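Residue-level structural notes
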Amino acid sequence: MTPDRLRAALRGVPDPRWLDAALRRVATEPAAIARFFPAAARRCGRAPLPDPPGWTVDEAARALLLTALPADHAAAAETLYQHGDAAEKRAVLRALPLLPIGAACVPLLHDAIRTNDTRLVAAALGPYARHLEQSAWRQAVLKCVFTGVPLAVVDDLDGRADGELAAMLAALAAERHAAGRTMPADATDLLDRLGAGSDLTTAREA
């Protein structure tokens, strides 16, 4: 994802002049983002974008506002996240991979993953989650399975999934089997890809 792609996707927003003006203002007066960021949904809309898939108009507009800042991106992201509503928090999380911040905003991922808001959990596991330490990342994937978040939202799932994650998922599968419950199909597929599917099949047949 790039700011240019988001900008192209937003050409048809209801109030494009407002967005253009807001981006210019934030670039020269960074403090103005505190006013424009919450207003983006009202001025630009909340509809899903066909491209990029999975984004809404307000998320894309807010992400662009963050990228328009001339400096202090991490501090602005943290402030907007901490003071924002759920939609604003999701926009911050989605914007993180676009910002020159390194791993500075990993604490925001930890906060999102601790919540019971499945949309925040999903947003936290996008490309910026490459900065999550492996143990925290495994727990986040397991939380997706627990809460019904599709594993398709987890960036680089197959690249990062390892034997320890397979063992955790297999243990969960065994617990659910004993309780007469099933695993989500995407979790079962992941176990198969990790070579643990035979253990799950044996447990089902026992």
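Residues numbered from 1 in each chain as written. Predicted model: local features only at pLDDT ≥ 70, side-chain atom pairs only at ≥ 80, totals over all residues. Heavy atoms only, no water.

A few points about the pattern of salt bridges
Taken as a whole and assessed by the stated rule, the structure comprises twelve salt bridges. Between Arg25 and Glu29 there is a salt bridge, with the nearest N and O atoms lying 2.6 Å from each other. On the basis of relative accessible area, Glu29 is assigned to the partly exposed category, the value being 33%. A salt bridge links Glu59 to Arg90; the nearest nitrogen and oxygen atoms lie 3.6 Å apart. Here the residue Glu59 occupies a position in helix H4 (residues 57–68), and Arg90 occupies one in helix H6 (residues 86–95), the gap between them amounting to 31 residues. Taken as a pair, Glu59 and Arg90 share a single burial class, namely buried. A single network of salt bridges, built from pairs that share partners, joins Asp58, Arg62 and Glu88. (Salt bridge = Lys/Arg side-chain N within 4 Å of Asp/Glu carboxyl O. Buried < 20%, exposed > 50% of the residue type's maximum accessible area, 1.4 Å probe, protein only. Helix = DSSP H or I, 4+ residues; strand = E, 2+ residues; numbered from the N terminus.)

Considerations on the packing of aromatic side chains
Under the defined criterion, the tally for this structure stands at one aromatic pair. Centroid distance Trp18 to Phe36: 5.8 Å. Interplanar angle 75°. Geometry classified as edge-to-face. Taken together, the residues Trp18 in helix H2 (residues 16–28) and Phe36 in helix H3 (residues 33–44) connect sequence positions 18 residues apart. This pair shows no difference in class: Trp18 is buried, exactly as Phe36 is. Geometry around Phe37 places Arg62 over its ring, the cationic atom sitting 5.6 Å from the centre. Taking the ring centre of Trp55 as reference, the NZ or CZ of Arg94 above it sits at 5.2 Å. (Phe/Tyr/Trp six-rings, centres within 6.5 Å; stacked < 30°, edge-to-face > 60°. Lys NZ or Arg CZ within 6 Å of the ring centre and 35° of its normal.)

With respect to the side chain of Thr115
Its location among the elements puts Thr115 in the loop between helix H7 (106–114) and helix H8 (118–124). Side-chain polar atoms of Thr115 contact the backbone oxygen of Ala112, separated by 2.7 Å. In this structure Thr115 touches Leu120, Val121 and Lys143, once residues within four positions along its chain are discounted. (Polar contact = N/O pair within 3.5 Å; in protein donor to acceptor, adjacent residues only side chain to side chain. Contact = heavy atoms within 4.5 Å.)

Examining the side chain of Glu88
Mapping Glu88 onto the fold places it in helix H6. Classification of Glu88 as buried rests on a relative accessible area of 10%. What Glu88 contacts, discounting residues up to four positions off in sequence, is Phe37, Pro38 and Arg62.

Topic: the nonpolar core
Residues Leu66, Leu93 and Leu96 are the most contacted members of the largest nonpolar core, which totals 74 residues. No other element matches the eight residues that H4 contributes to this core. Not counting the four nearest positions on each side in its chain, Leu66 is found in contact with Ile33, Phe37, His73, Ala76, Ala77, Leu80, Val92, Ala95 and Leu99. (Core = buried A, V, L, I, M, F, W, Y, C linked by side-chain atoms within 4.5 Å.)

Comments concerning helix H12 (residues 185–193)
For H12, the full list of buried residues reads Ala187, Thr188, Leu190 and Leu191. For H12, the angular spread of the buried residues around the axis is 160°, confining them to a single face. With its phi angle positive at about 85°, Gly195 sits one or two positions after the end of H12. (Arc of directions from axis to C-beta.)

With respect to the layout of surface pockets
Counted as a void, the largest pocket has a volume near 470 Å³. As for the largest pocket, its lining consists of 21 residues, and the residues nearest its centre are Pro53, Gly54, Trp55, Arg94 and Ala122. For the lining of the largest pocket, the elements supplying multiple residues, two or more each, are H6 and H8. Broken down by class, the residue content of the lining of the largest pocket amounts to twelve nonpolar, four polar and five charged. (1 Å grid on protein atoms, 1.4 Å probe; cavity = no way out; pocket = protein on both sides within 12 Å on 5 of 7 lines; lining within 4 Å. Points joined across faces, edges and corners; volume = space filled by probe spheres on them. Nonpolar A, V, L, I, M, F, W, Y, C, P; charged D, E, K, R; others polar.)

A word on helix H9 (residues 134–147)
Helix length check: H9 (14 residues) gives 20 Å between terminal C-alpha atoms against 20 Å at 1.5 Å per residue, within 8%. Listed as buried for H9 are Ala136, Trp137, Arg138, Ala140, Val141, Leu142, Lys143, Cys144 and Val145. (Expected span 1.5 Å × (residues − 1).)

Comments concerning the confidence of the model for the chain
When pLDDT drops low, the exact placement of atoms in the prediction is not to be read closely. Of the residues in the chain, 95% reach a pLDDT of 70 or more, and the chain-wide mean stands at 92. Residue range residues 198–206 is modelled with pLDDT below 50. Its contacts to residues more than four positions away, or to other chains, number seven contacts. (pLDDT = per-residue confidence, 0-100.)

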